[in-house]
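Here are the chains, one letter per residue:
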Amino acid sequence: MTGHKGGNREMSVQEILVINGPNLNLLGQRQPEIYGYDTLQTIEEKCVELARELNVSVRFGQSNHEGAIIDLIHEARLKSAAIIINAGAYTHTSAAIHDALKTFDGYIIELHISNPHAREEFRHKSWISPVADAVMAGAGAYGYELATRLAAEKIKAK
Ligand code: CA2
């Protein structure tokens, strides 16, 4: 029985989709001085647990391919209330991901583990920021939990 207590309205838990772009599958294996020791798997586990406490659901997707990231965004148009996106280096190059995010009606958080503004010049330009509701950078892997909290608040307030 999944119906709302005292009524027949279905109460569905709202979904946050966390999209990770190229090379982020290598988290915890290389360059820990920049990206830390957490793997994407442990980050996902922490966010899933947090989402359960906050009564939302969180789903992770990762791809090294631009088109597959766009497919994930299109899927989110139908299924998700918020997107948290770390587009990796596509952040600095992808007009196509920018255009796809523009078609999404829910809340969008751009996320970076490091602070791209404190790094090389080519990381200072973001194609995601102009279409994001919030931008989070430099908090390390903990940023994923912070972003999950923010997304949960925003989608519950709607
Ligand atoms: O700080 C971030 O989260 C970035 O989005 C990470 C991207 C980088 O291109 C952005 O400028 C900032 C790179 C992700 C590479 O991930 C790795 C993970 C482990 C080992 C090597 C790379």
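Residues numbered from 1 in each chain as written. Predicted model: local features only at pLDDT ≥ 70, side-chain atom pairs only at ≥ 80, totals over all residues. Heavy atoms only, no water.

As for its placement among the helices and strands, Leu-40 is situated in helix α2 (residues 40-53). Expressed as a C-alpha distance, the spacing of Leu-40 and Gly-28, which sit 12 residues apart in the sequence, is 7.7 Å. The contacts of Leu-40, once residues within four sequence positions are left out, are Asn-20, Leu-24, Asn-25, Leu-27, Phe-60 and Gln-62. (Helix = DSSP H or I, 4+ residues; strand = E, 2+ residues; numbered from the N terminus. Contact = heavy atoms within 4.5 Å.)

In the vicinity of the ligand there are 16 residues, among which Asn-86, His-92, Ile-113, Ser-114 and Arg-123 approach most closely. With respect to the ligand, the side chain of His-92 contributes an N or O atom lying 2.7 Å from an oxygen atom. The separation between an oxygen atom of the ligand and a polar side-chain atom of Arg-123 is 2.9 Å. A molecule is said to occupy a pocket when more than half its atoms come within 2 Å of that pocket's grid points, and by this definition the ligand occupies the largest pocket. (Near = heavy atom within 4 Å. Polar contact = N/O pair within 3.5 Å; in protein donor to acceptor, adjacent residues only side chain to side chain. 1 Å grid on protein atoms, 1.4 Å probe; cavity = no way out; pocket = protein on both sides within 12 Å on 5 of 7 lines; lining within 4 Å. Sits in = over half its atoms within 2 Å of the grid points.)

One water molecule sets the probe size; rolling that probe over the atoms shows where empty space is left. Of the pockets and cavities examined, the largest pocket occupies roughly 380 Å³. Lining the largest pocket are 18 residues, with Pro-22, Asn-23, Leu-24, Tyr-35 and Arg-123 sitting closest to its centre. Across the lining of the largest pocket, the residue classes tally to eight nonpolar, seven polar and three charged. (Points joined across faces, edges and corners; volume = space filled by probe spheres on them. Nonpolar A, V, L, I, M, F, W, Y, C, P; charged D, E, K, R; others polar.)

All right, on to the packing of aromatic side chains then. Taken as a whole and assessed by the stated rule, the structure comprises one aromatic pair. One Lys or Arg, Lys-125, reaches over the ring of Trp-127 and ends 4.6 Å from the middle of that ring. (Phe/Tyr/Trp six-rings, centres within 6.5 Å; stacked < 30°, edge-to-face > 60°. Lys NZ or Arg CZ within 6 Å of the ring centre and 35° of its normal.)

Before going further, it helps to spend a moment on the pattern of salt bridges. Where charged atoms from two side chains of opposite charge approach closely, those side chains can pair. Evaluation of the coordinates by the stated rule reveals seven salt bridges. Note that Glu-49 and Arg-52 form a salt bridge whose closest N and O atoms lie 2.9 Å from each other. Residue Glu-49 and its partner Arg-52 are both found in helix α2; the two are separated by three residues, about one turn of the helix. The class of Glu-49 is partly exposed, set by a relative accessible area of 39%. Notably, a salt bridge pairs Arg-59 with Glu-75, separated by 3.2 Å at the nearest N-O pair. With Arg-59 in strand β2 (residues 57-62) and Glu-75 in helix α3 (residues 66-79), this residue pair connects regions lying 16 residues apart in the sequence. A relative accessible area of 25% places Arg-59 in the partly exposed class. One network of salt bridges, with partners in common, ties together Glu-15, Arg-59, Glu-75 and Lys-79. (Salt bridge = Lys/Arg side-chain N within 4 Å of Asp/Glu carboxyl O. Buried < 20%, exposed > 50% of the residue type's maximum accessible area, 1.4 Å probe, protein only.)

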